[in-house]
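In case you want the letters, here they are:
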Amino acid sequence: MRRAARRLRRGGLVAFPTETVYGLGADATNARAVAKLFALKRRPLFDPLIVHAATPAQAFALCRHVPLLARKLARAFWPGPLTLVLEKGPRIPDLVTAGLPTVGVRVPAHPAARALIRAAGRPIAAPSANRFGRTSPTTARMVRENFGRAIQIVLDGGPSRVGVESTVVLPLGGKRAAVLRPGGVTKAELQKAGARVARRLPVSGSGRKKLAPGQLKSHYAPRTPLALIARGSEAALSRALARQPKNARVGLLCWKRPRRARVHLAACVALSRSGDAAEAAANLFQAMAGLDRMGLDLILAETPPAKGLGEAVADRLKKASHR
Ligand code: TXA
Ligand code: MG
């Protein structure tokens, strides 16, 4: 931990666990360190980074103005899987926010993440620790598979508890807020905490891209092609298999434990035992990476029910299926 903090202070990069996914961290106040991070991830410069703080006070000190709703949501969900997009203060270089006037801030819940931020003594900019567009890592092993020796320090904090990234929320004034990315905090939880979740962004077209960049159609993708099929339908599965060449090796990522052995599949992995969305989210990226290692021709993934945490899982699978 001490070595990792020193490396960050000197402008180096460190991979570390959070409760959502593993992050690749750089000193958020050091533009040169952040530039290294973009280069290593091969991430386009228009995609802004989330800045991680050890406490709400440290997070809000990076912002120019913190609306009441943001404070309320922070009290309800920090430390935890919520990112608030707020007006940026002068301490954060433009590179971090891709030139936007706003910054995404979050206080992660994983004790190792908070200890690292505290030991480094500064906020840490961290995207998920994967090459751009690929599946996010939820274990230290997955980080290694992405970067090999290119990252010297990977803090191993065990498998990520939540398994999907934080929910990115933009306060719109008063109690209104927009969800820019579904994630570990559900819409129902945001509403319960007092937010009125807007159905759509207040702008469209290029204005929308400016407000919510990084929302690419293709993302979170394994190397193996992935296609979505209807959940629990034998007919949909047979149809999808019939479309494949004779000797194709097809793996199935099912929502809950399959009811019977499907002999014609090369692999079958269930995201949860009983269809519990939290369990499915926690298993999602590891299950995708596991199937990806098998050298299959195709991964078929069942579409999750789009409610609760299922919404975030459905979002990730949809983007993983886009080529
Ligand atoms: O759970 C998480 O959020 C993980 C862990 C490591 O904290 N981090 C993560 O970072 O998912 P990343 O870089 O993979 O995704 C960050 C996304 C951007 O692509 C963008 O969609 C949104 O957060 N974002 C960040 N700053 C923003 C801003 N100022 N305005 C709008 N969206 C922003
Ligand atoms: Mg990411």
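Structure's up top.
Owing to the predicted nature of the structure, the values given are computational and were not obtained by experimental measurement.

(A) Spatial organisation of the environment of Pro-304. Residue placement: Pro-304 occurs in the loop between β13 (298-302) and α11 (310-321). When its relative accessible area of 4% is taken as the criterion, Pro-304 is described as buried. Considering only alpha carbons, one finds Pro-304 and Pro-222, 82 residues apart in sequence, at a separation of 18 Å. In contact with Pro-304, other than residues within four places in its own chain, are Arg-231, Trp-255, Gly-310, Val-313, Ala-314 and Leu-317.

(B) Quick look at α11. With 12 residues, α11 extends 16 Å between its outermost C-alpha atoms, agreeing within 8% with the 16 Å of an ideal straight helix rising 1.5 Å per residue. Most of α11 is tucked away: 9 of the 12 residues are buried. Those residues of α11 not exposed but buried are Gly-310, Ala-312, Val-313, Ala-314, Asp-315, Arg-316, Leu-317, Lys-319 and Ala-320. Buried residues in α11 make contact with β8 (176-181), β10 (226-229), β11 (250-256), β12 (267-272), α10 (277-292) and β13.

(C) Spotlight on the site of ligand 1. Around ligand 1, a shell composed of 27 residues is seen, among which Thr-20, Asp-47, His-52, Ser-166 and Gln-215 lie nearest. Interatomic distance of 2.9 Å between a side-chain N/O atom of Arg-43 and an oxygen atom of ligand 1. Take His-52: an N or O atom from its side chain is 2.6 Å from an oxygen atom of ligand 1. Relative to its unbound accessible area of 680 Å², ligand 1 is 98% covered by the protein chains. Of all elements in the fold, only β3 (50-52), β5 (102-106) and β8 reach the threshold of two or more residues within the shell around ligand 1.

(D) Representation of the side chain of His-110. Looking at the element boundaries, His-110 is found in the loop between β5 and α5 (111-120). In this structure the side chain of His-110 is engaged in a polar contact, spanning 3.0 Å, whose partner is the backbone nitrogen of Ala-112.

(E) Layout of the nonpolar core. Judged by nonpolar contacts, the single largest core of 47 residues is most densely connected at Leu-24, Leu-73, Trp-78, Leu-82, Leu-84, Val-105 and Leu-190. For this core, the secondary-structure elements that each account for two or more residues are β2 (23-27), α2 (31-41), α3 (56-60), α4 (68-77), β4 (82-87), β5 and α6 (140-147). Val-21, Trp-255, Ala-312 and Ala-320 belong to the second largest nonpolar core, which has 27 residues in total.

(F) The arrangement of the sheet that holds strand β6 (residues 124-125) in detail. Strand order in the open sheet made by the 9 strands is β1-β2-β6-β3-β5-β4-β7-β8-β9, with mixed pairing throughout. Both outer strands of the open sheet, β1 (14-16) and β9 (196-198), are each paired with one neighbouring strand and no more. Sheet topology note: the β4/β5 ladder contains 4 bridges and is antiparallel. Note that in β5 the partner of Val-85 across the bridge is Gly-104. Running over the sheet, α4 touches β4, β7 (167-173) and β8 and is turned about 160 degrees from β4. The sheet strands contacting α5 are β1, β3 and β6, and the helix crosses β1 at an angle near 145 degrees.

The rules behind the values
- Residues take numbers from 1 onward in each chain, read along the sequence in its written order.
- To read the labels, note that chains go from A and ligands from 1, taken in the order they are written.
- Owing to the predicted nature of the model, reporting of local features is limited to residues with pLDDT of at least 70; listing and counting of side-chain atom pairs is limited to 80 or more, with chain, interface and lining totals taken over all residues.
- For side-chain calculations, the full set of non-hydrogen atoms in the structure is used, while hydrogens and water are omitted.
- In this text, helices come from DSSP runs of H or I with a minimum length of four residues, and strands from runs of E with a minimum of two, each type numbered from the N-terminal end.
- A simple rule labels every residue: compare its accessible area, found with a 1.4 Å probe on the protein chains alone, to the largest value its type can have, and call it buried under 20%, exposed over 50%, or partly exposed in between.
- The contact criterion used throughout is that any non-hydrogen atoms of two residues lie within 4.5 Å.
- A helix is expected to reach a length of 1.5 Å times the quantity of its residues less one.
- We define proximity as follows: a residue is near a molecule or strand when any one of its heavy atoms falls within 4 Å of that partner.
- Counting of polar contacts relies on pairs of N or O atoms within 3.5 Å, with two restrictions inside protein: one atom must be capable of donating a hydrogen and the other of accepting it, and residues adjacent in sequence are counted only when both atoms are side-chain atoms.
- Calculation of accessible area relied on Shrake-Rupley with a 1.4 Å probe; when residues are assessed, cover is drawn exclusively from the protein chains displayed.
- Only buried residues count toward a nonpolar core, which is a set of Ala, Val, Leu, Ile, Met, Phe, Trp, Tyr and Cys residues joined through side-chain atoms within 4.5 Å.
- A pair of strands is labelled paired if DSSP reports no fewer than 2 bridges between them.
- Geometry is summarised by axes, namely lines fitted to C-alpha atoms with helices restricted to the contacting stretch, and by angles between N-to-C directions that run from 0 to 180 degrees.

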